[in-house]
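# Inside the fold
Now for the letters of each chain:
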Amino acid sequence: MHHNLPGVVLASLLAAAQASRAQTLSPAEKRLVQSVEARLGEEMAALEKVVNVDSGTFNTEGVREVGRFFEKELQALGFKTRWIPMPEAMHRGGHLVAERVAAKPSGKRVLLIGHLDTVFEGQGHRFQNDGAVIRGAGVMDMKGGDVVILFALKALESAGMLEGATVRVFLTGDEENPGLPTSESRRDIVAVAKESDVAISFEPDTPGGTIVVGRRGLSTWSLDVTGAQGHSAYVLRPRSGAGAVYEASRILDGFRGAFSAGNVTVNPGLVLGGTDVAYDTTKSAGTSAGKYNVVSKAVTVKGDLRALDEPEREAAKARMREIAAANLPKTSAKLEFDDIVPGWPITEGNRSVLKTIDTVSRALGQPPLTEADPVSRGFGDSNFVGGLLSAADGLGVKGDGIHSPGESLDPKSLGPATLRAALLIGRLLHPAN
Ligand SMILES: [Zn+2]
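None of the values given here were measured: they were computed from a predicted structure. (Residues numbered from 1 in each chain as written. Predicted model: local features only at pLDDT ≥ 70, side-chain atom pairs only at ≥ 80, totals over all residues. Heavy atoms only, no water.)

### Quick word on the sheet that holds strand β9 (residues 217–227)
- Taken together, the 4 strands give an open sheet; going across it, the order is β11-β15-β9-β16, and neighbouring strands pair in antiparallel fashion. On the outer flanks of this sheet lie β11 (265–274) and β16 (331–341), each paired with one strand and no other. Going from strand to strand, the sheet's axes swing by 15 degrees on average, the running direction of each strand aside.
- Pairing of β9 with strand β15 (residues 298–307), which is carried by 10 bridges, proceeds in the antiparallel orientation. Across the sheet, Thr226 pairs through a bridge with Ala298, a residue of β15.
- Each of β9, β11, β15 and β16 touches helix α8 (residues 243–258); the most contacted strand, β9, lies at about 150 degrees to it.
- Packed on one face of the sheet, helix α9 (residues 310–325) meets β9, β11, β15 and β16 and runs near 165 degrees to β16. (Pairing = 2+ DSSP bridges. Helix = DSSP H or I, 4+ residues; strand = E, 2+ residues; numbered from the N terminus. Axes fitted to C-alpha atoms, helices over the stretch in contact; angles between N-to-C directions. Contact = heavy atoms within 4.5 Å.)

Right, here's the structure in full:
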């Protein structure tokens, strides 16, 4: 790129860049940088170790084994740890909590969020480093993010910066498929968030230099439509009415018209219709029966609704109920909602955390960072705490193929992500430095 620049000009440009980076880092921060860089080999080895333990969400023993690795490491850094089991019937591994609590913390009380489980079960997805990319189950989402947390904390501990500070680490065992009800599986992370000022989550880094400071929540809905079963010769005539299939189609088309733009999305994911339908919740599957010459009696639709905050979610529900209530002749419809994940609206507090992250990124000579579109992703664990404190997400590693068997990590992103995390946490814990 610089082939047309004389070597001496290039050298002085580099020196200038280093000087400006050096000016924005305090002596303590320069020690943090050295400390992170000195442990990069150890960090990669830790990642290999945890990626090679299968820990799909339903592999409760594997989730606990990954948890034990982080538990031991965090104890060595002076953290008090506890394991939070989930009820047997939930079939989830539980969560790891690690805390260092100061009587009078010098800065913000910081909560660091990761997860121990992966979407894929792991078999056949061993840690594989071919130099340019690293493959393996959860290597990016988010065992990579978990080791970023751990090695940022190691650097802070070496620099004495965990003294007089309050830091909590919460690693959930079921982020990819939260145990239901979430009021139970997320009760403890909510309690820990109430004792914290800022939450930073280490889900994979979004492409394009953005940080997540808001995400939509999730409700599921179920639509059950009933029609008058009768001879098809009289469909849409007074004698037979519209039937359940026409009525369900009208309602779904109404949803399509109402939610084709804006933050809220409404998705019908499954439809069963005919004279008889049966749906099995545990399998997300069902059967239906019907004949061309019989006006349909029943339709069941299963779908989701995503919205940024509670007012938006409630307004969407009201609009959907209104559409469902305007029934065609001889039909009726029942629409029910289940709120699974709260919305995480963007706040000024979140934006100020983003500002600190952006400042740290530039000070390290990394790219400037802006706000990610809150509609661009699904939900994460930060949704459950986002309403209680200032929060940001997407501080993990970069890679490709998230939630696919080919998930990969860009190994060049591990060091920069860890440096960024160490400096960010340092500035939150010790704003005066
Ligand atoms: Zn994740």
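### Things to note about the coordination of the zinc ion
- Those protein atoms acting as donors to the zinc ion are His115 (NE2), Asp141 (OD), Glu203 (OE) and Glu203 (OE), and they sit at 1.9 to 2.7 Å.
- On the primary sequence, the residues serving as donors to the zinc ion are separated as H-x25-D-x61-E. Residue His115 is located in strand β3 (residues 110–115), and its partner Asp141 is located in the loop between β5 (134–135) and α5 (143–158); the two are separated by 26 residues in the primary sequence.
- Classification of Asp141 by relative accessible area gives buried; the value is 2%. (Donors = N, O, S within 2.8 Å, 3.2 Å for Na, K, Ca; no water. Buried < 20%, exposed > 50% of the residue type's maximum accessible area, 1.4 Å probe, protein only.)

### Topic: the pattern of salt bridges
- Throughout the structure, instances matching the rule amount to 30 salt bridges.
- For the salt bridge of Glu42 with Lys154, the shortest nitrogen-to-oxygen distance reads 3.1 Å. Residue Glu42 is found in helix α3 (residues 40–51), and its partner Lys154 is found in helix α5; the two are separated by 112 residues along the sequence.
- The class for Glu42 is partly exposed, based on a relative accessible area of 40%.
- Residue Lys154 is classed as buried on the basis of its relative accessible area, which comes to 10%. (Salt bridge = Lys/Arg side-chain N within 4 Å of Asp/Glu carboxyl O.)

### Quick notes on the packing of aromatic side chains
- For the coordinates displayed, the defined rule picks out 2 aromatic pairs.
- Ring centres 5.2 Å apart and planes at 85 degrees place the aromatic pair Phe69 and Phe70 in the edge-to-face group. We note that Phe69, like Phe70, is buried.
- With a centroid separation of 5.5 Å and 85 degrees between ring planes, the pair formed by Trp221 and Phe255 is classed as edge-to-face. Within this pair, whereas Trp221 is found in strand β9, its partner Phe255 is found in helix α8, the two being separated by 34 residues in sequence. Each member of the pair, Trp221 together with Phe255, is buried.
- The cationic tip of Arg186 hangs over the ring face of Phe384; the distance from NZ or CZ to the ring centre is 5.4 Å.
- One Lys or Arg, Arg239, reaches over the ring of Tyr234 and ends 3.9 Å from the middle of that ring. (Phe/Tyr/Trp six-rings, centres within 6.5 Å; stacked < 30°, edge-to-face > 60°. Lys NZ or Arg CZ within 6 Å of the ring centre and 35° of its normal.)

Taken by themselves, the reported measurements are silent on function.
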